[in-house]
Number of protein chains: 2
Amino acid sequence: MMNFYVDNSVLSTVISELHKVCTSRSVIPILSGIKIVASKNGLTLIGGNSELFIEKTIPLEINGEQIVEVIEEGSVVVLSKIFSEILKKLPGKVQIQADMKESVVIKSDEVVTKIPGFNADEYPKLPDVHSQKPVELTLGTLKEAINQTIFAVSKNDTKPVLTGLRMEFEKGKFICIATDSNRMSRCEVQISSELIEAFVVPAASMLEILQVKDSDSTSITVLHESNLLVMEIGNTKLISVLIEGNYPNTQGLIPTEFISSLTLNRKALLAGVDRACVFSRELKHNNVLLRLGDRTSITISSSSTEMGMIEERQEVMKVDGLDSFDITLDGKYLIEALKGIKEENIEIQFNGTMKPIVIKPAQSKTYVQLISPRRTH
Amino acid sequence: MMNFYVDNSVLSTVISELHKVCTSRSVIPILSGIKIVASKNGLTLIGGNSELFIEKTIPLEINGEQIVEVIEEGSVVVLSKIFSEILKKLPGKVQIQADMKESVVIKSDEVVTKIPGFNADEYPKLPDVHSQKPVELTLGTLKEAINQTIFAVSKNDTKPVLTGLRMEFEKGKFICIATDSNRMSRCEVQISSELIEAFVVPAASMLEILQVKDSDSTSITVLHESNLLVMEIGNTKLISVLIEGNYPNTQGLIPTEFISSLTLNRKALLAGVDRACVFSRELKHNNVLLRLGDRTSITISSSSTEMGMIEERQEVMKVDGLDSFDITLDGKYLIEALKGIKEENIEIQFNGTMKPIVIKPAQSKTYVQLISPRRTH
């Protein structure tokens, strides 16, 4: 039994968000469901898949405005797809009722919908995580660190640990790392915690953090216990599994010296590399050649004997070390790396035609990316 | 040989539009190309597929501003995909040159691109159509007639003639008709022409008319000769084949009487039918039941024993004739029919549970739609 009224503009948004993470097909139908709990404090809504569960609460009031009115406390599970589709099409305020047989009736003005539900007791119980050391991070800072690294995670499953985002907590520091063996992105943030810990979170779970609106809360609490990570942001709680396995030592990969270093405008380079990739679909690779010929300009080019060529010169703001080199890189990697940086100017460090190049914001010591060169012969 | 400068914001838009209709894969590569002709009057650009060719001209000046500067007249054919992709990524003004070997060089600021071209003489010659009876139509009117009918064309090829839009010219009238055997849409427009003619145009060709911006011209000239239709709108010329075959006599299908007629608010009914289709993916059909039970309201519903039900009542503004009926219709057809109408109120005419219903704007005699009922037993 359960009976409540709710502002559908709030409920349908929450249900759409949960529906995206719900298992779409399952041998056990209830696992494709969303659990609804109506209590005197408001609504709790839970949905997820084997790697990630999300729990969202809707309080009775938001900014002094009544959102939920609970007539009878209770709980039920409904299939996420049909429930989210129905809510999307209903206007205004909705009343949701469940009877003893878990039949769920959704009413809105003159529209009545009836869908089957499941007994909420049959829905899996979420683990209760109580870590001794919760860490609080600024949501904006975490989102930025995720955005600056997550594109570099491995897209194939041969080494599962590389498909996740590495999070390292050191004294006063928090580090995000992603690598797919051909490139690596590493971002370091100052925090006040003294926690020392490291784990790897599935990329999909971290992408869900990016979906949470900053208006809900400006801070996020992170709790880690055995193979689980719990992240709480305002009315949203995410419970993710961690990926087990040995993560490579990435710190040792970052060169401390360079043969040549150039400072360039980020947006201009990004546009140039994007243009140089215009033949990539025909060529079936994205090889882009960067060539420094003097102290003032760099040439970005791509060519093939059948398809043609594209070439352009761009001004270099500063060159340190050797004033001549060439290196062939994967243009798509270069584009993603340059998009990850927000600063106006970037620095490229060259260490030899067969060695990874370093790309980082000019002046930055906390954000660094590596890209291995393509072997063209 | 060919050499000209052109404002790329104009050229790249035109080339993108042409690229969409160009044959994407062809045994004969030049057929996937765009023909560029630079003359003292500006540029002519041609692209197409076996059913439709589009010719667009870019004049030397637009609104007193120079757009094209031709240094050397000439012509060449370039592959549409790579050409449109390159132009999209180039800023400002571009220079395009072709040499004796049909190698095409595209320059923009510091960016140089070189792609292979084809001898323009090898590109197929477009037929020269000179009809004795060109008809001039208002572009806006034609677009509206297309929008109000084209959704009803058949989506499968069993009867090719039904996949096209039927255009009929009678004295002082122009009629657009589409039908897939289960539904029909017919729109009549007053024109000043005395032409008597009828033909069926591929739907894809008519959809291209909708893409042409009204700012280019407010009128369209239509020329018909043997199995071709030529449509000219400002700087754009479309040459389409016609579909041959016997088009069914649709005029005889429209009932002149009714058992019951209701007037309803279009938007409210559209929203209600859309909600009633919420179970359609699970049910694998879109059956929606409309039931008139009295003189004041209609019930819209859909249900299945496993998935649940949805039902709502809506106010009827006016009922003529019998005040009770029910009919099961394909909800997707109903939605498309209601979207085709622009007026606020619509009229539904019922002629029996097994007969097609009529849907039309209230008061209209020139726009009518028929939908056959679903057999549910």
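Residues numbered from 1 in each chain as written. Chains lettered and ligands numbered in written order. Predicted model: local features only at pLDDT ≥ 70, side-chain atom pairs only at ≥ 80, totals over all residues. Heavy atoms only, no water.

1. A closer look at the relation of the copies chain B and chain A
For the pair chain B and chain A, the best superposition has an RMSD of 0.0 Å and corresponds to a rotation of 180 degrees with a translation of 0.0 Å parallel to the axis. Look at the turn and shift together and you get a two-fold axis relating the two. For chain B, the smallest separation between a C-alpha atom and the rotation axis is recorded for Lys20 of chain B, amounting to 16 Å. The fraction of interface residues of chain B whose copies in chain A are also interface residues reaches 100%, indicating that both copies meet through the same surface. (Least-squares fit on C-alpha atoms with pLDDT ≥ 70 in both. Contact = heavy atoms within 4.5 Å.)

2. Thoughts on the UniProt feature "domain: DNA polymerase III beta sliding clamp N-terminal" (unreviewed entry) in chain A
Per the UniProt entry, the sites bearing "domain: DNA polymerase III beta sliding clamp N-terminal" (unreviewed entry) are residues 2-127 of chain A in this numbering. Along residues 2-127 of chain A the backbone is 18% helical and 50% strand, and the end-to-end C-alpha distance reaches 25 Å. (UniProt positions renumbered as here; feature names shortened; annotations may be inferred. Helix = DSSP H or I, 4+ residues; strand = E, 2+ residues; numbered from the N terminus.)

3. Examining the sheet that holds strand E14 (residues 173-179) of chain A
Two orientations exist for strands paired in a sheet by backbone hydrogen bonds: parallel and antiparallel. Residues and elements named next belong to chain A. Across the sheet, which stays open at both edges, the nine strands sit in the order E16-E13-E14-E15-E28-E27-E26-E20-E24 with antiparallel pairing between neighbours. One side of each edge strand has no neighbouring strand; the edge strands of this open sheet are strand E16 (197-202) and strand E24 (318-321). Taking each pair of neighbouring strands and ignoring which way they run, the sheet shows an average axis angle of 20 degrees. Direction of pairing for strand E13 (residues 164-170) relative to E14: antiparallel, over a ladder of five bridges. By the bridge assignment, Glu170 is partnered in E14 with Lys173. (Pairing = 2+ DSSP bridges. Axes fitted to C-alpha atoms, helices over the stretch in contact; angles between N-to-C directions.)

4. Topic: the interface of chain B and chain A
Taken together, the contact between chain B and chain A spans 28 residues of the former and 28 residues of the latter. Summed over both partners, the interface of chain B with chain A buries about 2600 Å², with 58% contributed by carbon and sulfur atoms. When the buried area of chain B at its contact with chain A is split by residue, Lys89, Arg275 and Val278 of chain B rank highest and sum to 22% of it. Our count for the chain B to chain A interface comes out at two salt bridges. (Buried area = accessible area lost by both parts, 1.4 Å probe. Salt bridge = Lys/Arg side-chain N within 4 Å of Asp/Glu carboxyl O.)

5. Observations regarding the pattern of salt bridges
Taken as a whole and assessed by the stated rule, the structure comprises 32 salt bridges over all chains. Between Asp274 of chain A and Lys89 of chain B there is a salt bridge, and its shortest N-O distance comes to 3.1 Å. Pair noted here: Asp274 of chain A is in helix H5 (residues 266-276) and Lys89 of chain B is in the loop between helix H2 (80-88) and strand E9 (93-98), and the two residues belong to different chains. Judged by relative accessible area, Lys89 of chain B falls into the partly exposed class, the value being 25%. Here Lys318 of chain A makes a salt bridge to Asp320 of chain A, at a shortest N to O gap of 3.9 Å. The partly exposed category is assigned to Lys318 of chain A, whose relative accessible area is 47%. (Buried < 20%, exposed > 50% of the residue type's maximum accessible area, 1.4 Å probe, protein only.)

6. Focus: the domain arrangement of chain A
Residue and element names in this part refer to chain A. For chain A, the assigned domains are domain 1 (2-122), domain 2 (135-176 + 192-251) and domain 3 (254-371). The C-alpha-based centres of domain 2 and domain 3 are spaced at 29 Å. Each partner contributes residues to the interface: domain 2 has five residues there, and domain 3 has seven residues. Here Lys342 ties to Glu144 by a salt bridge, and the two come within 3.2 Å at their closest N and O atoms. Between domain 2 and domain 3 we count three residue pairs in polar contact (both at pLDDT 80 or more) in total. Split by residue class, the side of domain 2 that touches domain 3 holds one nonpolar, three polar and one charged. (Domains from an automatic or database assignment. Polar contact = N/O pair within 3.5 Å; in protein donor to acceptor, adjacent residues only side chain to side chain. Nonpolar A, V, L, I, M, F, W, Y, C, P; charged D, E, K, R; others polar.)

7. Thoughts on the side chain of Asp180 of chain B
Following the sequence through the fold, Asp180 of chain B ends up in the loop between strand E14 (173-179) and strand E15 (183-190). There is a polar contact of 3.1 Å between the side chain of Asp180 of chain B and the backbone nitrogen of Arg183 of chain B.

8. Considerations on helix H3 (residues 139-147) of chain B
Along H3 of chain B, the residues classified as buried are Leu139, Leu142, Lys143, Ala145 and Ile146 of chain B. All buried residues of H3 of chain B fall inside an arc of 160 degrees around its axis, so they share one side. (Arc of directions from axis to C-beta.)

9. Regarding the packing of aromatic side chains
All names here are of chain A. Taken as a whole, this structure holds eight aromatic pairs over all chains when the rule is applied. For the pair Phe169 and Phe199, a centre-to-centre distance of 6.0 Å together with 40 degrees between the ring planes defines the contact as tilted. With Phe169 in strand E13 and Phe199 in strand E16, the pair connects residues that are 30 residues apart, well separated along the chain. Arranged with centres 4.1 Å apart and planes meeting at 5 degrees, the rings of Phe325 and Phe350 form a pair that is stacked. Of this pair, Phe325 sits in strand E25 (residues 325-330) while Phe350 sits in strand E26 (residues 345-350), and the two are 25 residues apart along the sequence. You'll find Phe325 and Phe350 in the same group, each marked buried. One aromatic cluster in this structure is built from Phe169, Phe174 and Phe199. (Phe/Tyr/Trp six-rings, centres within 6.5 Å; stacked < 30°, edge-to-face > 60°.)

10. Quick look at unusual backbone geometry
Residue and element names in this part refer to chain B. One non-glycine residue, Asn63, adopts positive backbone phi at about 50 degrees. By secondary structure assignment, the location of Asn63 is in the loop between strand E5 (61-62) and strand E6 (65-66). Exposure remark for Asn63: the relative accessible area of 80% places this residue in the exposed category. A positive phi is found at Ser181, a non-glycine position, where the angle reads about 85 degrees. Turning to its location among the elements, Ser181 is positioned in the loop between E14 and E15.

11. As for the sheet that holds strand E16 (residues 197-202) of chain B
Residue and element names in this part refer to chain B. What the nine strands build is an open sheet, ordered E16-E13-E14-E15-E28-E27-E26-E20-E24; its pairing is antiparallel. Every interior strand has two partners, whereas the edge strands, E16 and strand E24 (318-321), have only one. Each neighbouring strand pair of the sheet contributes to a mean axis angle of 20 degrees, computed without reference to strand direction. In the sheet, strand E26 (residues 345-350) pairs with strand E27 (residues 357-361) via four bridges, with the strands oriented antiparallel. Following the sheet pairing, Ile348 is matched in E27 by Ile359. Contacting strand E20 (260-265) and E26, helix H5 (residues 266-276) crosses the sheet at an angle of about 90 degrees to E20. The strands that helix H7 (residues 331-340) touches are E15, E26, E27 and strand E28 (367-371); relative to E28, the one it contacts most, it runs at about 175 degrees.

12. Side note on the pairing of strand E1 (residues 2-7) of chain A
Residue and element names in this part refer to chain A. Sheet topology note: the E1/strand E9 (residues 93-98) ladder contains six bridges and is antiparallel. Residue pairing in the sheet places Asp7 in a bridge with Lys93 of E9. For E1 and strand E7 (residues 68-72), the ladder comprises four bridges, and the chain directions are antiparallel. Considered in E7, the bridge of Val6 is made with Val68.

13. Points about empty space enclosed by the protein
In this approach, a probe sized like a water molecule rolls over the atoms, and the result shows the empty space that is left. Residue and element names in this part refer to chain A. The full count for this structure, using the stated rule, is two cavities of 30 Å³ or more. In this structure, the largest cavity encloses a volume near 70 Å³. For the largest cavity, the full set of lining residues is Glu17, Ile54, Lys56, Glu208, Gln211, Val212, Thr236 and Leu238. Class assignment of the residues belonging to the lining of the largest cavity gives a composition of three nonpolar, two polar and three charged. (1 Å grid on protein atoms, 1.4 Å probe; cavity = no way out; pocket = protein on both sides within 12 Å on 5 of 7 lines; lining within 4 Å. Points joined across faces, edges and corners; volume = space filled by probe spheres on them.)

14. Details of the side chain of His224 of chain A
All names here are of chain A. For His224, the position within the fold is in strand E17 (residues 219-225). Assessed through its relative accessible area of 16%, His224 is described here as buried. One polar contact links the side chain of His224 to the main-chain carbonyl oxygen of Ser226, over a distance of 3.1 Å. In this view, His224 contacts Ser131, Glu197, Phe199, Leu229 and Leu242; residues no more than four positions away in its chain are not counted.

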